[in-house]
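A look at the structure
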Amino acid sequence: MTAPPAAVELKDHGVDVRLSDGAMHYFNAYWLRDNDPTSFSPMTRERSFDIFHLDAAPVVDSAEIDGDALILRWASEDHVTRMPLSWLESFRNGARRPDPADLPRKAWYADHYPAIPRFSFDALMTEPGQRAAWIEALIVDGLAIVTDMPDTNEALTQTANLMGAVRPTFFGDYFDVYTHINPTNTAYTAGPLELHTDTPAEEFAPGIQFLHCRRNSVQGGESLYADGVAVANDFRKRDPRGFELLSTVDVPFFCEHDSYDMRSRQTVIELDRYGEVSGLTISQHMLDLLDLDQHLLDEYYPAFCRFGKMLQEEKYVMRFMMKAGECMVFDNHRIVHGRAGYVATSGERFLRGTYADRAEMRSTYRALVSEGRFKA
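These numbers were taken from a predicted model, which means no experiment stands behind them.

**What to know about the overall build of the chain**
What the chain contains, in helices and strands, is nine helices and 22 strands. Taken against the 2.2 N^0.38 rule, which gives 21 Å for 376 residues, the C-alpha radius of gyration of the chain at 26 Å runs more than 25% over that of a compact globule. Projected onto its principal axes, the C-alpha positions of the chain cover 90 × 55 × 45 Å. Per-residue burial over the chain gives 47% buried out of 376 residues.

**Some thoughts on the packing of helix H6 (residues 228-238) against helix H8 (residues 294-311)**
Packing of H6 against H8 leaves a shortest axis separation of 10 Å and a crossing angle of 130°. Taken as axis vectors, H6 and H8 run oblique relative to one another. The two elements H6 and H8 meet at a crossing, and its hand is right-handed. Residues Val231, Ala232, Asp234, Phe235 and Arg238 of H6 pack against Ala303, Arg306, Phe307, Met310 and Leu311 of H8. Considered class by class, the residues forming the contact of H6 with H8 number seven nonpolar, no polar and three charged.

**Some words on the pattern of salt bridges**
Considering all chains together, one arrives at 29 salt bridges under this definition. In this structure, Arg366 and Asp99 form a salt bridge, with 2.7 Å as the shortest nitrogen-oxygen distance. Of this pair, Arg366 sits in helix H9 (residues 358-369) while Asp99 sits in the loop between helix H2 (85-89) and strand S7 (118-120), placing them 267 residues apart in sequence. Classification of Arg366 as partly exposed rests on a relative accessible area of 30%. The salt bridge partner of Arg352 is Asp176, with a shortest N-O separation of 2.8 Å. One end of the pair, Arg352, is in strand S22 (residues 349-356); the other, Asp176, is in strand S9 (residues 175-177), with 176 residues separating them in the sequence. Put simply, Asp151, Arg214, Arg215 and Glu348 are held in one network by salt bridges that share partners.

**As for H9**
The end-to-end C-alpha distance of H9 is 17 Å, a good match for the 16 Å that twelve residues give at a rise of 1.5 Å each. Among the residues of H9, those classed as buried are Arg358, Met361, Thr364 and Tyr365. Viewed end-on, H9 has its buried residues packed into an arc of 125°, placing them on one side of the element. Turned more than 90 degrees away from the buried face of H9, the exposed residues are Ala359 and Ala367. Summarising the contacts, the buried residues of H9 are in contact with helix H4 (128-140), strand S11 (208-216), strand S16 (269-271), strand S17 (277-280), strand S19 (327-331) and S22.

**Regarding the side chain of Asp234**
Considering the arrangement of structural elements, one finds Asp234 in helix H6. Judged by its relative accessible area of 14%, Asp234 is buried. If near-sequence neighbours (up to four positions away) are discounted, Asp234 is found in contact with Tyr109, Met310, Lys315 and Tyr316.

**Thoughts on the nonpolar core**
Core analysis: the largest hydrophobic core is formed by 36 residues, its most contacted members being Leu246, Val268, Ile269, Tyr300 and Phe307. Among the secondary structure elements, those contributing two or more residues to this core are strand S13 (223-227), H6, helix H7 (240-248), strand S14 (251-257), S17 and H8. Top element by residues in this core is H8. It accounts for seven residues. Other than its neighbours up to four places away in sequence, Ile269 contacts Ala232, Phe235, Phe243, Leu246, Ser247, Val277, Gly279, Leu280 and Phe307. Counting residues in hydrophobic clusters, the runner-up holds 25 residues, among them Ala155, Ala160, Phe210 and Met361.

**Topic: the sheet that holds strand S20 (residues 335-339)**
Here four strands make up an open sheet; going across it, the order is S10-S20-S13-S18 and the pairing antiparallel. Each of the sheet's edge strands pairs with one partner strand only, and the pair in question is strand S10 (193-196) and strand S18 (318-320). Sheet twist, expressed as the average angle between the axes of neighbouring strands with direction ignored, equals 15°. Bridge count between S10 and S20: two bridges; the pairing is antiparallel. Counted as the bridge partner of Leu193 is Arg339 from S20.

Cut-offs and rules
Residues numbered from 1 in each chain as written. Predicted model: local features only at pLDDT ≥ 70, side-chain atom pairs only at ≥ 80, totals over all residues. Heavy atoms only, no water. Helix = DSSP H or I, 4+ residues; strand = E, 2+ residues; numbered from the N terminus. Rg over C-alpha atoms; globule rule 2.2 N^0.38 Å. Buried < 20%, exposed > 50% of the residue type's maximum accessible area, 1.4 Å probe, protein only. Axes fitted to C-alpha atoms, helices over the stretch in contact; angles between N-to-C directions. Parallel < 35°, antiparallel > 145°, perpendicular 65-115°, else oblique. Left-handed = near helix turned anticlockwise from the far one by under 90°. Contact = heavy atoms within 4.5 Å. Nonpolar A, V, L, I, M, F, W, Y, C, P; charged D, E, K, R; others polar. Salt bridge = Lys/Arg side-chain N within 4 Å of Asp/Glu carboxyl O. Expected span 1.5 Å × (residues − 1). Arc of directions from axis to C-beta. Core = buried A, V, L, I, M, F, W, Y, C linked by side-chain atoms within 4.5 Å. Pairing = 2+ DSSP bridges.

Structure follows, in structure tokens:
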């Protein structure tokens with residue numbers, strides 16, 4: 001008779017464990033000790049064990065399989081670890097912990113307006129399922145419309161607070177878009193506003209933008225939106241070298257007035273950890289003097305202009321009139337937005353805006369759709 005293959009084998013720095021695929025998988029002793037289920041507080045859901053306080057490196061003295069768990073006894077401390085095999089399965093190949101907020105982006109084009117996901121203010125306030133669907137739309141489509149917003153300042157705060165906290169910028173917690181007598185921003189005029197992302201001069205620009213339309217009775221002033229993911233993905237196919245330049249060379253942005261002088265360097269095309277396009281940072285009125293090597297500019301400027309012209313092609317730009325009581329919510333690192341010029345004396349146009357962070361939005365989504373690691 002041949003003895004059955006061992007289910008656990010001790011190694012110099014850890015153990016090999018046979019898992020459901022029939023293969024042996026190695027786990028490091030430090031990792032096993034640090035991630036013992038008892039190392040985490042069920043109340044705070046944080047790690048309560050401090051591996052820095054061990055007198056010596058963790059060494060497995062003995063290991064065995066008991067039912068559905070790996071049992072470890074340690075050589076240098078009086079402690080027994082019981083680790084579920086099902087939990088080890090998730091980490092057997094060094095894979096990232098599954099993230100319910102890691103959803104694929106869906107590119108869209110100029111005809112997208114009728115299909116923009118829409119959610120009523122009251123439903124978002126009262127129904128967790130609607131909040132989850134709203135945030136999912138923001139992750140996948142990059143924008144959504146909240147309808148039936150009350151004509152109050154508080155309504156905007158309440159909406160932003162559904163996914164996180166209001167994220168201040170150097171403009172303050174909120175900004176009001178209407179015609180200013182002494183404007184400090186192109187948005188505060190009646191002139192056209194080119195497609196752009198907001199506050200590119202910040203080192204970490206806010207991720208989610210809210211624009212609550214309170215009044216809109218002017219002649220003109222169409223809202224313009226385009227999906228930076230759709231344009232940049234097509235640019236990658238049309239102009240591979242231009243795409244490489246815009247996604248790897250950072251350029252300076254600025255925003256300056258009497259009381260602030262904000263500066264940053266960003267790539268125009270933003271890539272995620274998979275190398276996929278996640279968005280843009282672009283603003284002609286906040287692009288600083290390009291301080292790149294002049295020979296590099298021989299390539300960079302033409303590529304930048306080709307992309308900028310492509311961004312304005314009819315195929316990509318969605319045009320519509322915002323209605324009072326609507327709030328556009330969109331990913332400020334993905335969706336470029338602008339406005340056609342309007343006649344300031346023809347009526348009233350008033351939008352109130354604010355921001356939240358993408359990380360907080362994704363955090364809220366995870367809490368809404370998953371049980372996490374510690375919920376009973």
